[in-house]
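Chain by chain, the residues run as shown.
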Amino acid sequence: MIKSSKIIIVAMTEQFLIGAAGEIPWQIPEELRLFRDLTSAHTLIMGRHTFASIGRPLPDRRTIVVSRHLSKTPGIEICPNLPSAVQLAENYGEKIFFAGGVGIYRDALPLADLMSISWVKGAYTGDTYFPAFDLSQWQVISDRDYGSFRHVLYRRC
Ligand SMILES: NC(=O)c1ccc[n+]([C@@H]2O[C@H](COP(=O)([O-])OP(=O)(O)OC[C@H]3O[C@@H](n4cnc5c(N)ncnc54)[C@H](OP(=O)(O)O)[C@@H]3O)[C@@H](O)[C@H]2O)c1
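Since this is a predicted model, take the numbers as computed values, not measurements.

### Describing the layout of surface pockets
And then number 1: There is about 1,300 Å³ of room inside the largest pocket.
And then number 2: Looking at the largest pocket, it is lined by 45 residues, and the ones nearest its centre are Thr-50, Ser-53, Ala-99, Gly-100 and Gly-101.
And then number 3: For the lining of the largest pocket, the secondary structure elements donating two or more residues are β1 (6-13), β2 (17-19), α1 (29-39), α2 (48-54), α3 (82-90) and α4 (102-108).
And then number 4: Tallying contributions element by element places α4 first for the lining of the largest pocket, with six residues.
And then number 5: Here the residues of the lining of the largest pocket sort into 21 nonpolar, 14 polar and ten charged.

Written as structure tokens, this is what we have:
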């Protein structure tokens, strides 16, 4: 079997802020379109709260929710931990996107080959932060300014 690419995908501020009261702290339609374009036809792995905030399986993508408490839900697959979610996702042979929140990012950091970060500009408040990590271990592959955010793709050094 060909090994699937494993990609962390996140939008965050310079302070690593990713969430506020269960939601995304900003509304940036262009960033959402970029998320859609990058992840369509691939597999998303996300935590239970992130799935609840989206409220439905996103179209044109496979969704695996990591949860020990969620009951069977149409349109998604549920795994009790990240390793079992990755094992399931590997069967599909598509790119695997780790789509948050904190526990998913924390456990995915040692596994990911790539990181897709939208660095959101501006001052926002919130309560949920991407886990601390060493950015010097990641090499920039592409960097594009979209105005309200800058999208940088990193590969593990
Ligand atoms: N800016 C962004 O790119 C971005 C991306 C994603 C999310 N967010 C924001 O982040 C917030 C939600 O994130 P969150 O960290 O609070 O919640 P979350 O990770 O989405 O969900 C937490 C729940 O998911 C399960 N879970 C997550 N990681 C796990 C792991 N490694 N192993 C086992 N179970 C795991 C557990 O469910 P059970 O209790 O059922 O076992 C846990 O209680 C929201 O504000 C959301 O909008 C932002």
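### Section: the pattern of salt bridges
And then number 1: Evaluated as defined, the whole model comprises six salt bridges.
And then number 2: With its nearest N and O atoms 3.0 Å apart, the salt bridge here joins Glu-90 to Lys-6. Of this pair, Glu-90 sits in helix α3 while Lys-6 sits in strand β1, and the two are 84 residues apart along the sequence.
And then number 3: Its salt-bridge partner being Arg-106, residue Asp-107 comes within 3.1 Å of it at the nearest N-O pair.
And then number 4: For Asp-107, a relative accessible area of 34% puts it in the partly exposed group.

### A look at α3
And then number 1: Along α3, the positions that sit buried rather than exposed are Leu-82, Ala-85, Val-86, Ala-89 and Glu-90. The arc enclosing the buried residues of α3, seen along the axis, measures out at 135°, which places them on a common side. Facing away from the buried side of α3 by more than 90 degrees, the exposed set consists of Pro-83 and Gln-87.
And then number 2: Check the buried side of α3 and you find it contacts β1, β3 (43-47), β4 (62-66), β5 (77-79), β6 (96-98) and α4.

### Brief notes about the site of the ligand
And then number 1: Around the ligand sit 27 residues in total, of which Ala-11, Arg-48, Thr-50, Ser-67 and Arg-68 are the nearest.
And then number 2: Within the contact set of the ligand, a nitrogen atom lies 3.1 Å away from a backbone nitrogen or oxygen of Ile-18.
And then number 3: For the ligand, an oxygen atom lies 2.6 Å from a polar atom in the side chain of Thr-50.
And then number 4: For the ligand, whose free accessible area comes to 910 Å², the fraction covered by protein is 87%.
And then number 5: More than half of the atoms of the ligand fall within 2 Å of the grid points belonging to the largest pocket.
And then number 6: Elements represented by at least two residues in the shell around the ligand include exactly β1, β2, α2 and α4.

### Brief notes about the pairing of β1
And then number 1: In terms of burial, β1 is a largely internal element, eight of the eight residues being buried.
And then number 2: Residues of β1 alternate between two faces, with Lys-6, Ile-8, Val-10 and Met-12 on one and Ile-7, Ile-9, Ala-11 and Thr-13 on the opposite face, all of them buried.
And then number 3: Pairing geometry for β1 and β6, over three bridges, is parallel. Within the sheet, the bridge partner assigned to Lys-6 lies in β6 and is Ile-96.

### A word on the nonpolar core
And then number 1: In this structure, Ile-8, Met-12, Ile-45, Phe-98, Met-115, Phe-130 and Phe-133 are the most contacted members of the largest nonpolar core, which totals 28 residues.
And then number 2: Mapped onto this core, the elements with two or more residues apiece are β1, β4, α3, β6, α4, β7 (114-120) and β10 (149-156).
And then number 3: In terms of nonpolar packing, the next biggest core, distinct from the first, is built from twelve residues, Ile-9, Met-46, Leu-58 and Phe-97 among them.

### Examining the UniProt feature "domain: DHFR" (unreviewed entry) in the protein
And then number 1: When the UniProt feature table is mapped onto this chain numbering, "domain: DHFR" (unreviewed entry) sits at residues 5-157.
And then number 2: Within residues 5-157, the helical portion is 22% and the strand portion 34%, while the C-alpha atoms at the span's ends are 15 Å from each other.

About the criteria used
Residues numbered from 1 in each chain as written. Predicted model: local features only at pLDDT ≥ 70, side-chain atom pairs only at ≥ 80, totals over all residues. Heavy atoms only, no water. 1 Å grid on protein atoms, 1.4 Å probe; cavity = no way out; pocket = protein on both sides within 12 Å on 5 of 7 lines; lining within 4 Å. Points joined across faces, edges and corners; volume = space filled by probe spheres on them. Helix = DSSP H or I, 4+ residues; strand = E, 2+ residues; numbered from the N terminus. Nonpolar A, V, L, I, M, F, W, Y, C, P; charged D, E, K, R; others polar. Salt bridge = Lys/Arg side-chain N within 4 Å of Asp/Glu carboxyl O. Buried < 20%, exposed > 50% of the residue type's maximum accessible area, 1.4 Å probe, protein only. Arc of directions from axis to C-beta. Contact = heavy atoms within 4.5 Å. Near = heavy atom within 4 Å. Polar contact = N/O pair within 3.5 Å; in protein donor to acceptor, adjacent residues only side chain to side chain. Areas by Shrake-Rupley, 256 points an atom, 1.4 Å probe, with all protein chains shown as cover. Sits in = over half its atoms within 2 Å of the grid points. Pairing = 2+ DSSP bridges. Core = buried A, V, L, I, M, F, W, Y, C linked by side-chain atoms within 4.5 Å. UniProt positions renumbered as here; feature names shortened; annotations may be inferred.

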